[in-house]
Every structure is written in structure tokens, then in C-alpha cells.
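A closer look at the structure
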Amino acid sequence: MADLKLTDVGKKYGGKIEVLKNINLDIKQGELVVFVGPSGCGKSTLLRMIAGLEQITDGTLEIGGSVVNDIPPAQRGIAMVFQSYALYPHMTVRDNMAFAMKIAKKPQAEIDAAIDKAAKILQLEDYLDRLPKALSGGQRQRVAIGRAIVRDPQVYLFDEPLSNLDAALRVATRIEIAQLKEAMPDSTMIYVTHDQVEAMTLASRIVVLANKGIAQVGTPLELYERPENEFVAQFIGSPAMNLMSGEIVGTGAQTTVKLDTGGTAISAVPTQAADMGLRVNIGVRPEDMIQTDGDPLFTGMVNITEALGEVTLLYFTPVGDNEPVIAKLPGIHRDIRGSSVSLTADPAKVQIFHNGQSLYYR
Ligand SMILES: Nc1ncnc2c1ncn2[C@@H]1O[C@H](COP(=O)(O)OP(=O)(O)OP(=O)(O)O)[C@@H](O)[C@H]1O
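No experiment lies behind these values; they were computed from the predicted model shown. (Residues numbered from 1 in each chain as written. Predicted model: local features only at pLDDT ≥ 70, side-chain atom pairs only at ≥ 80, totals over all residues.)

Packed helices, taken two at a time, are described by the angle between their axes plus the distance between the axes. The contact between helix H3 (residues 108-121) and helix H4 (residues 137-150) brings their axes to 9 Å, and the two run at 140 degrees. Relative to H4, the element H3 lies oblique. Crossing of H3 over H4 shows right-handed handedness. Between H3 and H4, the contacting residues are Ala 114, Ile 115, Ala 118, Ala 119 and Ile 121 on the first element and Gly 146, Ile 149 and Val 150 on the second. (Axes fitted to C-alpha atoms, helices over the stretch in contact; angles between N-to-C directions. Helix = DSSP H or I, 4+ residues; strand = E, 2+ residues; numbered from the N terminus. Parallel < 35°, antiparallel > 145°, perpendicular 65-115°, else oblique. Left-handed = near helix turned anticlockwise from the far one by under 90°. Contact = placed C-beta atoms within 7 Å.)

Listed below in C-alpha cells is the structure:
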């Protein structure tokens, strides 16, 4: 198992279409790092460059301390699990899992031991003699993962492995992947997904890719609680964080922002006297909005409500220059539509951004 190091990695397709640039990233042995980002931001490209399936056009990639830019995929010590499973349809589960070891001419006893171990971890013992067509989608994906495990790679790469599964199987297989990682604490894994819940629950660290680069790297909670910029603030979390424009009117350990809509926001992000008058956006997650009778951040007419059972989403008509505001209140509020609601937020949860960047990280 091994560390990975990307230094100034970039990718240009056809010598001119630049997809990624200046990617610097250290991944330690035993981490499960998840790549997320909007469609087309280069997540799969980055994973495929690490796998050796796509040429690295700039910078260096090291695996276990050696530069592997020009090393072919089979010799990089990686195993990749694809969304499409890519199983051999005419081979049994056992033969699918044994295939790479047979090609590598490993002794039969070693192959059997590796398959037994993988089948046990993945609970595939009862399916070893079946063909893929006689398996469910979730079981097929477990075979694909098993095929990776028997190769005992230095690094596992997962490219949206659950996206072909239905919602219930996705949850079950996600939990299996978390258990798999626990059973293999020293293995290094990189995982690409569109699914925020997968990213938040599986990752030791999340890499948010945007605009050809890295918008932020951090633990799931760092990204959720302390986004470095408005992009990450709005990309992580659903519905997205509300941004409201205003001006700093009080500085110190607590910052006061007078919003353009007339409300007042207090934030625990500290500011200095020189910040007085600075134009900023404050950020509040819908789930951090609290109904209040006191000094509100925001008072508005509820336009639409969506009662989801455990929570209700309230959509407010935009006021002044501000974007629409969404609040997520606990419980069911069916009859609140058309009424005026005042909301505030815990200062510890209120973010402040200037020119798109969080003031917390200055
Ligand atoms: N062979 C290629 N030639 C030219 N451009 C390409 C090629 N492959 C991918 N791209 C472009 O590179 C960009 C990144 O693609 P990539 O598949 O890595 O994105 P992604 O983040 O994985 O997207 P998604 O979330 O939609 O799967 C896209 O704009 C895509 O059109």
C-alpha cells in the first residue's frame, strides 16, 4: 500500500483543450479520498490519469515515492472499479475474480486463498460458482470490487461504482464499501462520485474540483462547516447554502453585517476595524435557519412549502437584490404558505465571504 503525490498535474486533450491544471495533492496511505465537482470538471480524467489510462500532460504523479507518469497501468499497482462492473459474462464469479492472478501465473493455492479472503470480506461465498447474469446489480458490483481485492493493489480507484444501482441498493452497497474500508485500514482508495451522501459518509477527505483546479480539500465536516469559498459553500449541502449581500457594520470577535434587505446578521467569524464598510455576502445553510420573534436576519413571505416529513423546506420570494432564500425547518409545516416568517441563525454557523472567499481563512 502506498502514498500518492500529485505535483502541478495538468491535462490538455489534443494538446490544447485544457481540462485540469496545477493539481497539487498528497494522499496518505490508508486514506479514502473522494473527488467531487460539477459535471465535466475533470474528476474521471484525474482518476484515469492516476490509473494510467490517460496520459498526464503536465506535472508528476508519484505512487509509493516513485514517479509513475510513464509506467503502464498494469505496473502501477492500482486496481480500478468501474460503474459498469466490466465483468466477463461467460465466466463464473470465481473465474472473474481469479482472472488477473491466472494471467500473472500465480500458483493455484495463492489464487484460492486470495479469492476465499475477498469472498469472505464481500459476503460472496455462496455465489462463487454463478455467472454474472445470475446476480443482482449490487452483487455484480461486489464481484467487481472482489476482483480488485484479489490483486492486492497499492491503490484502489473507484469511478462512480454505485451509480447503476437503485436507491435502496446504493445505500446498502455504500455501507458495504465503508465496512470494506474498515476491514482494510491500510489500503489507499480514491473514489469519484456525484452523490454527496457517498462523499460525506465515505471520505476521510473530499477534494472539490472546479474551474480546472481544486476549490478545496478537507474532511467532510471541514467542507460543510468551514467552506473556503462560495463555490464549495454552495456545492456541499442540499439545498445549497443561502447567500445574502450586505455590509460590515460592526467588527471584532463577532462581526455584524447589515443586509441589503434590512436584516442584521451576526457571525462568529472575527474581523478587524479596517473591515468596516466592506461589502460581503453572508452564508447560512437552510438547516441553520431558526424561526425568531427577535431581531431577524430575514423576514419574508413563504412562497412554496415542501413537507418532506422529517423537515419542511420553505421558499421565500426574493426581496431587493437578494437571491431566493430557502429554510429547512424540522417537522411538518403545511399551513405556513403565504404567511410572513422571521428567521435568524446561530452566529457560529454564519459564514462571511468577500469576493467569493471566506473571511475565516484570511
Ligand atoms: N478524449 C477527450 N477529448 C477531449 N475532451 C475530453 C476528452 N475526454 C474528456 N474530455 C473533456 O474533459 C472534461 C472533463 O471530463 P471528465 O469526464 O473528466 O469530467 P467529470 O468531472 O468526470 O464529468 P462527469 O461528472 O460528467 O462524469 C469535459 O469537459 C470533457 O468534455
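Next, the rest of the story.
So, on to the site of the ligand. As a matter of local geometry, the ligand sits amid Tyr 13, Ile 17, Val 19, Gly 37, Ser 39, Gly 40, Cys 41, Gly 42, Lys 43, Ser 44, Thr 45 and His 194. Broken down by secondary-structure element, the contributors of at least two residues to the shell around the ligand are strand S2 (17-27) and helix H1 (43-51). Among the elements that line the shell around the ligand, the one with the most residues is H1, at three residues. (Near = placed C-beta within 6 Å.)

What follows deals with the pairing of strand S8 (residues 188-192). Among the five residues that make up S8, five are buried, leaving the element largely enclosed by the rest of the structure. With four bridges joining them, strand S3 (residues 32-36) and S8 adopt parallel strand pairing. Counterpart to Leu 32 in the pairing with S8 is Met 189. (Buried ≥ 20, exposed ≤ 12 C-beta atoms within 10 Å, placed from the backbone. Pairing = 2+ DSSP bridges.)

The next subject is the nonpolar core. In terms of nonpolar packing, the biggest core is built from 90 residues, with Val 34, Phe 35, Ile 50, Leu 157, Ile 190 and Val 208 touching the most fellow members. At six residues, H4 tops the list of elements feeding residues into this core. Residue contributions to this core reach at least three from each of two domains, namely domain 1 (4-234) and domain 2 (241-357). Apart from the residues lying within four places of it in its own chain, the contact partners of Leu 157 are Leu 47, Ile 50, Ala 51, Ile 78, Met 80 and Ile 190. (Core = buried A, V, L, I, M, F, W, Y, C linked by C-beta atoms within 7 Å. Domains from an automatic or database assignment.)

Moving on, we get to the UniProt feature "domain: ABC transporter" (unreviewed entry) in the chain. With numbering matched to this structure, UniProt assigns "domain: ABC transporter" (unreviewed entry) to residues 4-236. End C-alpha to end C-alpha, residues 4-236 measures 25 Å, and it is 36% helix and 26% strand. (UniProt positions renumbered as here; feature names shortened; annotations may be inferred.)

Right, let's get into the sheet that holds strand S13 (residues 264-267). Read from one edge to the other, the open sheet built from six strands follows the order S13-S12-S11-S14-S20-S21, with strand pairing classed as antiparallel. Two strands close off the open sheet at either side, each with one partner strand: S13 and strand S21 (357-358). One ladder, built from four bridges, connects strand S11 (residues 242-250) with strand S12 (residues 255-259); its direction is antiparallel. Within S12, the residue paired with Gly 250 across the bridge is Thr 256.

Regarding H1, the residues found buried are Lys 43, Leu 46, Leu 47, Met 49 and Ile 50. Summarising the axial view, the buried residues of H1 lie within an arc of 160 degrees, below the 170-degree limit, and thus occupy one face. Once H1 finishes, Gly 52 follows within two positions and takes phi at roughly 90 degrees, a positive value. (Arc of directions from axis to C-beta.)

Turning next to the environment of Ile 56. With respect to the helices and strands, the residue Ile 56 is situated in the loop between H1 and strand S4 (58-63). Placed 167 residues apart in sequence, Ile 56 and Leu 223 show a C-alpha to C-alpha distance of 28 Å. With sequence-adjacent residues up to four places away left out, Ile 56 is seen in contact with Val 9, Lys 11, Met 49, Leu 61 and Asn 69.

On to the domain arrangement of the chain, then. One can read the domain layout of the chain as domain 1 (4-234) and domain 2 (241-357). Domain 1 and domain 2 are separated by 38 Å when their C-alpha centres are compared. Listed by partner, the interface residues are six residues for domain 1 and eight residues for domain 2.

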